[in-house]
Amino acid sequence: MFKRTRIAIMSILIVSSFPTGRASAGAAEENLPDRTTAGFVEKLYRVDCGHSLANDESVWTPGENAGKSIEFSSTCWLIEHKNQWVLWDTGVPQSTLNDPKGWSTLPRLIVYHLDKTITGQLADLGLKINDITYVVLSHTHGDHIGNVGLFPNSKIVMQRAEHKWIYSPDGANNNVNQLKALARKLMGKPKDLQLVDGDTDLLGDGSITLVSTPGHTPGSQSLLVHLKNSGFILLSGDVVHLADNFEKKIVPSLNTDNAASIASMDKVRRMMATYHAKLFINHDKAQTDMLKLLPAFYD
Ligand SMILES: [Zn+2]
């Protein structure tokens, strides 16, 4: 369902959607693969997309850890399947590389640093920017879309609800308004933007599934990947920031919808049981540091 011929006139902004085969685009309606027949991707690589220091952990763990600093990881993932390459998130802007002052999405709260570029890590695998077929975005916070502009010839895939949200009127939370303004700037106008509604089978064989997990932002998503030896792996996006939050069902104060956040965490929990899936939590540095890093891979 996802294969389509690229329209020749590349200068035209292409905003298209995928048929989901569902009667409505209701967020609660699930469209997930059959675990017994789902296809496999060949390889899954972790890409180092930065790390950050926040001065008050309680922003992410309301009611706990007030005034405590915390270090987060920023992780991107690269998937190889039948000579196609899928990049999940794009991390902290490459202009931040080795800058001791770092870069920020919310300067009073958090500072990001970058030790390696995506382009350098792709080159380590013999890949160039134009080899990336799909860039799939978990959501539009700056630390996830910082390099989306580096991939002008890739299909940029995100939830329609997320795209709509960044262009919606500002609300009461000024931090959230700031994040939306930055998102509009970093997103720019991709020439091949593909908007999806809810759970979506990216390649049509059940090997990579975009999983709707709203709440952190209105169009947040996670990614379910199926590997022959490793089984199912669920890449969190920001459905949860820390393993501890997942266990205690704690919702960060920056999230746009508390009830949806809890429901999305429950969906992830159900999926972990159904698919016997491991959950890789993007920003949980303690967990991330234990995971394989490119050029090593999961297969
Ligand atoms: Zn986020």
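Being a predicted model, the structure only gives us computed values, none of them experimental.

Parameters at a glance
Residues numbered from 1 in each chain as written. Predicted model: local features only at pLDDT ≥ 70, side-chain atom pairs only at ≥ 80, totals over all residues. Heavy atoms only, no water. Helix = DSSP H or I, 4+ residues; strand = E, 2+ residues; numbered from the N terminus. Rg over C-alpha atoms; globule rule 2.2 N^0.38 Å. Buried < 20%, exposed > 50% of the residue type's maximum accessible area, 1.4 Å probe, protein only. Contact = heavy atoms within 4.5 Å. Areas by Shrake-Rupley, 256 points an atom, 1.4 Å probe, with all protein chains shown as cover. Lys, Arg positive; Asp, Glu negative; His and termini not counted. Charge placed at Lys NZ, Arg CZ, Asp CG, Glu CD. Expected span 1.5 Å × (residues − 1). Polar contact = N/O pair within 3.5 Å; in protein donor to acceptor, adjacent residues only side chain to side chain. Core = buried A, V, L, I, M, F, W, Y, C linked by side-chain atoms within 4.5 Å. Disulfide = S-S within 2.5 Å. UniProt positions renumbered as here; feature names shortened; annotations may be inferred. Donors = N, O, S within 2.8 Å, 3.2 Å for Na, K, Ca; no water. Tetrahedral: all angles 85-135°; square planar, octahedral: opposite > 155°, others 65-115°. Arc of directions from axis to C-beta. Pairing = 2+ DSSP bridges.

Caption draft 1: Broad picture of the overall build of the chain. Secondary structure assignment for the chain yields 7 helices and 13 strands. At 18 Å, the chain has a C-alpha radius of gyration in line with the 19 Å of a compact globule built from 299 residues. Oriented by its inertia axes, the alpha-carbon framework of the chain measures out at about 50 × 40 × 40 Å. Within the chain, the fraction of its 299 residues that count as buried is 56%. Within the chain, residue pairs in contact and separated by at least 24 positions form 67% of the contacts whose partners lie at least 6 positions apart. Entry remark: accessible area of the chain is about 12500 Å², with carbon and sulfur atoms responsible for 54%. In the chain, 30 positive and 31 negative side-chain charges are present, and the distance between their average locations comes to 5 Å.

Caption draft 2: Inspection of helix α4 (residues 174–187) at higher detail. An ideal rise of 1.5 Å per residue puts 20 Å on 14 residues; α4 measures up with 20 Å between its terminal C-alpha atoms. Its buried side turned inward, α4 meets α2 (142–145), β7 (155–159), α3 (160–166) and β8 (192–196). Two to three positions downstream of the cap, the backbone nitrogen of asparagine 175 sits 3.0 Å from a side-chain oxygen, assigning the N-cap of α4 to asparagine 173. Immediately downstream of α4, the backbone of glycine 188 shows phi near 55°, a positive value.

Caption draft 3: The nonpolar core, seen in detail. Ranked by size, the top nonpolar core spans 44 residues in total, and within it Leu78, Leu87, Ile118, Ile132, Leu137, Phe151 and Met187 carry the most contacts. Apart from residues no more than four positions distant in its own chain, leucine 137 is found in contact with Trp88, Asp89, Thr90, His144, Ile145, Val148, Ile156, Val157, Met158, Met187 and Gln221. Grouped together as the second largest cluster of nonpolar side chains are 22 residues, Trp77, Leu202, Leu223 and Leu227 included.

Caption draft 4: Inspection of the state of the cysteines at higher detail. Going through the model one piece at a time under the given rule, you end up with 1 disulfide. Sulfur-sulfur distance for the disulfide between cysteine 49 and cysteine 76 comes to 2.0 Å. Measuring the twist about the S-S bond at about -115°, one finds the cysteine 49-cysteine 76 disulfide to be left-handed. With cysteine 49 in strand β2 (residues 43–54) and cysteine 76 in strand β3 (residues 70–81), the pair connects residues that are 27 residues apart, well separated along the chain. With respect to class, cysteine 49 is no different from cysteine 76; both count as buried.

Caption draft 5: Focus on the UniProt feature "domain: Metallo-beta-lactamase" (unreviewed entry) in the chain. What UniProt calls "domain: Metallo-beta-lactamase" (unreviewed entry) maps, in this numbering, to residues 73–283. Helix makes up 27% of residues 73–283 and strand 25%, and the two end C-alpha atoms of the span are 5 Å apart.

Caption draft 6: Just the coordination of the zinc ion, in detail. With distances of 2.2 to 2.3 Å, the protein atoms coordinating the zinc ion are His139 (NE2), His141 (ND1), His216 (NE2) and Asp238 (OD). Around the zinc ion sit 4 donor atoms, and with donor-metal-donor angles ranging over 85 to 175° the site reads as irregular. Sequence positions of the residues that donate to the zinc ion give the spacing H-x1-H-x74-H-x21-D. Histidine 141 matches histidine 139 in its accessibility class, with the two residues each being buried.

Caption draft 7: Representation of helix α6 (residues 258–275). For α6, with 18 residues, the first-to-last C-alpha span of 26 Å sits near the 26 Å given by 1.5 Å per residue. Along α6, the residues that are buried comprise Ala260, Ser261, Ser264, Met265, Lys267, Val268, Met271 and Tyr275. An end-on view of α6 places all buried positions within 155° of arc, on one side of the element. Of the exposed residues in α6, those oriented more than 90 degrees away from the buried face are Ala259 and Ala273.

Caption draft 8: Broad picture of the side chain of asparagine 282. Among the structural elements, asparagine 282 can be located in the loop between β13 (278–280) and α7 (285–288). When sequence neighbours within four positions are dropped, the list of residues in contact with asparagine 282 reads Ser73, Ser74, Thr75, Asp89, His144, Ser236, Gly237, Asp238 and Thr288.

Caption draft 9: Spatial organisation of the sheet that holds strand β10 (residues 208–212). Spatially, the 5 strands line up as an open sheet ordered β9-β10-β11-β12-β13, and their pairing is mixed. Each edge of the open sheet carries a strand with a single partner, namely β9 (200–201) and β13. Here β9 pairs with β10 via 2 bridges, running antiparallel. Bridge pairing in β10 places threonine 200 opposite leucine 210.

Caption draft 10: Representation of the pairing of β10 within the structure. With respect to burial, β10 is a largely interior element, 5 of its 5 residues being buried. Residues Ile208, Leu210 and Ser212 line one face of β10 and the alternating positions Thr209 and Val211 line the opposite face, and both faces are buried. Hairpin connection, β9 to β10: the antiparallel pair is bridged by 6 residues, and glycine 204 has positive phi, about 85°. Pairing of β10 with strand β11 (residues 221–227), which is carried by 5 bridges, proceeds in the antiparallel orientation. In the strand pairing of β11, isoleucine 208 is matched with valine 225.

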